[in-house]
Amino acid sequence: MSDILEGKSPKLRSYALTRKGEGQRIEEAHNMVGFNLASGFRNRIALPLYMELSYRGAEEKIELVTHEGQECDIVIKGQMKIQIGAHSEVLNPGDCIYYDSGTPHGMIAVGGETCTFYAMVLSNSAAREGEAAAVVATPDTKRVAPDKKPRIYRNYINRLSGIRS
């Protein structure tokens, strides 16, 4: 998947270092923007993400999703209300929750501000397939900034549509 979308293959075997603010951006879904913190590492067994969950208001409904694997979320800043199945919890900075991702789950920012957190998605196939398995919702393209990086797939799309690069 990385080969097609990014124009490069994950090559690192020993370690992958991602500096603050340099993670590979994942499109926005469910009021969240994510950053893959290990996109260059081959054969991952986990997908480490830095997530920014926007506050949308006190009456926001939690959208539930499911995906393969298990997940560990650790709040860094702000507050997150998470629903897992029929249970819901409010997490504060430093709080951690670990759960089966096959159980319907979702989260919203509460307390009037954006919530930032780390999410570790643990699943062999999700990690190897990349972001597609971890981000199950279709992004809301109205709120996503245009992607200006050159991508290999654009050459094929542009050829098919008659646009020249």
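Conventions and cut-offs
- Residues numbered from 1 in each chain as written.
- Predicted model: local features only at pLDDT ≥ 70, side-chain atom pairs only at ≥ 80, totals over all residues.
- Heavy atoms only, no water.
- pLDDT = per-residue confidence, 0-100.
- Contact = heavy atoms within 4.5 Å.
- Helix = DSSP H or I, 4+ residues; strand = E, 2+ residues; numbered from the N terminus.
- Buried < 20%, exposed > 50% of the residue type's maximum accessible area, 1.4 Å probe, protein only.
- Polar contact = N/O pair within 3.5 Å; in protein donor to acceptor, adjacent residues only side chain to side chain.
- Pairing = 2+ DSSP bridges.
- Axes fitted to C-alpha atoms, helices over the stretch in contact; angles between N-to-C directions.
- Core = buried A, V, L, I, M, F, W, Y, C linked by side-chain atoms within 4.5 Å.
- Phe/Tyr/Trp six-rings, centres within 6.5 Å; stacked < 30°, edge-to-face > 60°.

Caption draft 1: Spatial organisation of the confidence of the model for the chain. The predicted model of the chain averages 78 in pLDDT, with 67% of residues at 70 or higher. Considering only residues more than four positions removed or in separate chains, one finds that residues 1-6, a stretch of pLDDT under 50, has 15 contacts. Across residues 133-145 the pLDDT falls below 50, and counting only partners more than four positions away or on other chains, this stretch makes 22 contacts in the model.

Caption draft 2: Representation of the side chain of R44. Tracing the chain through its elements places R44 in the loop between β2 (32-36) and β3 (46-53). Given the relative accessible area of 7%, R44 is considered buried. Here F41 takes part through its backbone oxygen, which lies 3.4 Å from a polar atom of the side chain of R44.

Caption draft 3: Up close: the sheet that holds strand β4 (residues 70-77). The 6 strands lie next to each other as β1-β2-β3-β9-β4-β7, forming an open sheet whose pairing is antiparallel. Of all the strands in the sheet, the pair left with one neighbour each is β1 (24-29) and β7 (96-100). Each adjacent strand pair in this sheet contributes to an overall mean axis angle of 25°, direction not counted. Relative to β7, β4 is paired through 5 bridges, and the arrangement is antiparallel. Paired with C72 across the bridge in β7 is Y98.

Caption draft 4: Structural context of the sheet that holds strand β5 (residues 79-84). Across the sheet, 3 strands lie side by side as β6-β5-β8; this open sheet has antiparallel pairing. What marks the edges here is a single partner per strand, and that holds for β6 (87-91) and β8 (105-110). Geometrically, the sheet is characterised by an average inter-axis angle of 20° between neighbouring strands, direction not taken into account. Across 5 bridges, the pairing between β5 and β6 is antiparallel. Residue pairing across strands places K81 opposite V90, the latter belonging to β6.

Caption draft 5: Region of interest: the nonpolar core. Among the nonpolar cores identified, the biggest contains 19 residues, and L49, L53, M80, I82, M107, C115 and F117 are the most heavily contacted of them. Those elements that provide at least two residues to this core are β3, β5, β7, β8 and β9 (115-122). Look past the residues within four positions of L53 in its chain and what remains in contact with it is H30, N31, M32, M80, M107, I108, A109, T114, C115 and F117.

Caption draft 6: Quick look at the packing of aromatic side chains. Scanning the model with the defined rule gives 2 aromatic pairs in all. Ring geometry for F35 and Y50: centres 6.3 Å apart, planes at 45°, overall tilted. On the criterion of sequence distance, the pair formed by F35 in strand β2 and Y50 in strand β3 is long-range, its members being 15 residues apart. We classify F35 as buried; its relative accessible area is 18%. Measuring from ring centre to ring centre gives 5.7 Å for Y50 and Y118, while their planes differ by 65°; the resulting arrangement is edge-to-face. Taken together, the residues Y50 in strand β3 and Y118 in strand β9 connect sequence positions 68 residues apart.

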